[in-house]
Amino acid sequence: YHNPHNKHGRQAIVHLFEWKWSDIAAECERFLAPKGYAGVQISPPQESILLTSPWRPWWERYQPISYNLCSRSGNENELRDMITRCNNVGVNIYVDAIINHMCGAGGGEGTHSTCGTYFSADRKDFPSIPYSSFDFNEGKCRTGSGDIENYNDIYQVRDCNLVSLLDLALEKDYVRGKVADFMNKLIDMGVAGFRVDACKHMWPGDLNAIYGRLHNLNTRWFNEGSRPFMFQEVIDMGGEAIKSSEYFHLGRVTEFKYGAKIGGIFRKWNGEKLSYTKNWGEGWGFMPDGNALVFIDNHDNQRGHGGGGNAIVTFWDARIYKMAVAYMLAHPYGVARVMSSFRWNRTDDWQGPPSHEDGSTKDVLINADSTCGDGWVCEHRWRQITNMATFRNVVNGQPHSNWWDNGNNQVAFGRGNRGFIVFNNDDWQLDVTLNTGMPGGVYCDVISGQKDGGRCTGKTINVEADGGAHFKISNTDEDPMVAIHADSKL
Ligand code: ARE
Ligand code: CA
């Protein structure tokens, strides 16, 4: 469950938040495969509630109504077509699976769902699965409100409603069976694994039982006997009763400390310095490397939901964001996920994806310069980020090496003899000769440009026969960092 089943040495996952299946299929073929992204985390594909107040918030998709594969991103045929086309170019699909709960207790009753399936939140009746009131945890929850009131009581956290979302009784064989059927249908269609939502709120034993029922991956695209890749959402910043370590044996776990810490470092808050990251990773109290799924921001904490607080950097802070993402992609720790967002009005954290009047999601517009338009941010297409995803592929398997720092916010490190990166987050120039560990030659900096045929569209770096190279990075550069790798050699 810990192996993402990457193809062709590709390494980074991208979360194409709220993209339509048809756009993801096209993106796999025209961009992700050629640029070397390993996989895509997709938005929840099951039918969800349809909310109109506020108008079609992004979070409606986290309130299932049925397990019909019919969502704001498209129908089952479109989903199947996307999975097939992405697999055919070696890009894996990971599904965001909402299995802890159904819709909110106040969701009403009727057919206000993305495909018009009837439900009643009042009677806890979801006939198309079917789930009835016996399949929910109400009887077990001991809080007055029926909601989670105290995160230090593990029974509340697992058996009460998370923000009023009707909590499923996952200890029931029947419920486990329905959840496993839903996931198995997706596995048989060809997905490579799941981001499992709200795992803190599910007992590890229940998850273990459900995962045990899952099929092996489809042998049309994966090796015989491959288990689905599971990465579990558990927000553990320390200081709560439930620890992410309870989930390590089940798969990978989201490491929320990573983005919170790195945000503070690049913002230089509370005396944090980049030079302190020499032992980045487990040395910082993060979970074991083999368990970690890392990211700079996610769809929650980029808009103030979920964990991480104000330190989180996002595309709104583009300059330090690019540095933070580059740092993550250059560093060997964890399986890395890149966020790809849509713009929203920052006072309205609920706002859904770019949409037409009728609420249907807009196509992702691709501009002539390969950036996106119509409200889609496409961080994964920003040159600096795309090229660092390639860097991660090129240096894969190489150790963290040749560390240098100035005791402040200028640091550099390499990955064996395959890559080297230098950051200047100080308020003065960086001007230093460093041992890169790379073979001598002229390299193209993949931050300011890239290799284009035989020439470099950005800065060039001369590495001497002994591996030494001179770096000059102004603190006022558009991107105060330089990165070179084996494939950027001219
Ligand atoms: C919405 C409304 C609610 C309403 C509810 C039901 O905002 O007011 O009661 O609907 O009508 C997302 C949104 C929610 C939204 C929900 C359902 O973020 O706002 O509720 O969809 O539409 C905890 C969980 C963690 C969870 C975060 C958000 O532990 O699992 O809260 N993250 C996932 C997803 C979310 C999603 C859900 C779960 C639900 O990534 O996108 O919610 O499927 C500390 C604790 C954390 C806690 C955090 C925030 O840091 O350590 O455990 O995270 O606070 O409370
Ligand atoms: Ca629960």
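Residues numbered from 1 in each chain as written. Chains lettered and ligands numbered in written order. Predicted model: local features only at pLDDT ≥ 70, side-chain atom pairs only at ≥ 80, totals over all residues. Heavy atoms only, no water.

(A) Spotlight on the environment of Gly437. Its location among the elements puts Gly437 in the loop between strand 18 (430–435) and strand 19 (441–444). Along the sequence, Gly437 and Gly468 sit 31 residues apart, while their C-alpha atoms lie 7.6 Å from each other. Not counting residues up to four positions away in its chain, the partners in contact with Gly437 are Asn402, Gly416, Asn417 and Gly467. (Helix = DSSP H or I, 4+ residues; strand = E, 2+ residues; numbered from the N terminus. Contact = heavy atoms within 4.5 Å.)

(B) Structural view of the site of ligand 1. Ligand 1 sits among 21 residues. The nearest are Lys200, His201, Glu233, Glu240 and Asp300. Within the contact set of ligand 1, an oxygen atom lies 2.7 Å away from a backbone nitrogen or oxygen of Trp59. Between an oxygen atom of ligand 1 and a side-chain N or O atom of Glu240, the distance comes to 2.4 Å. Here ligand 1, which alone exposes 940 Å², has 77% of that area covered by the protein. When its residues are assigned to classes, the shell around ligand 1 shows eight nonpolar, seven polar and six charged. (Near = heavy atom within 4 Å. Polar contact = N/O pair within 3.5 Å; in protein donor to acceptor, adjacent residues only side chain to side chain. Areas by Shrake-Rupley, 256 points an atom, 1.4 Å probe, with all protein chains shown as cover. Nonpolar A, V, L, I, M, F, W, Y, C, P; charged D, E, K, R; others polar.)

(C) Region of the structure containing helix 6 (residues 256–267). With 12 residues, helix 6 should reach 16 Å at 1.5 Å per residue; the first-to-last C-alpha distance of 17 Å fits that figure. The inward-facing, buried residues of helix 6 abut strand 10 (252–254), strand 11 (292–294), helix 7 (318–330) and strand 17 (419–424). Phi for Lys268, located one or two positions after helix 6, is positive at around 60 degrees. (Expected span 1.5 Å × (residues − 1).)

(D) Inspection of the state of the cysteines at higher detail. Within the structure shown, the criterion is met by five disulfides. Between Cys28 and Cys86 runs a disulfide, and the two sulfur atoms are separated by 2.1 Å. Note on the Cys28 and Cys86 pair: the S-S dihedral is about 90 degrees, so by sign convention the disulfide is right-handed. Linking Cys28 in helix 1 (residues 21–35) with Cys86 in helix 2 (residues 76–88), this pair joins segments that are 58 residues apart in sequence. No difference in accessibility class separates Cys28 from Cys86, as the two residues are buried. Here Cys372 connects covalently by a disulfide to Cys378, the sulfurs 2.1 Å from one another. Looking along the S-S bond of the Cys372-Cys378 disulfide, the torsion reads about -90 degrees, which is the left-handed sense. (Disulfide = S-S within 2.5 Å. Buried < 20%, exposed > 50% of the residue type's maximum accessible area, 1.4 Å probe, protein only.)

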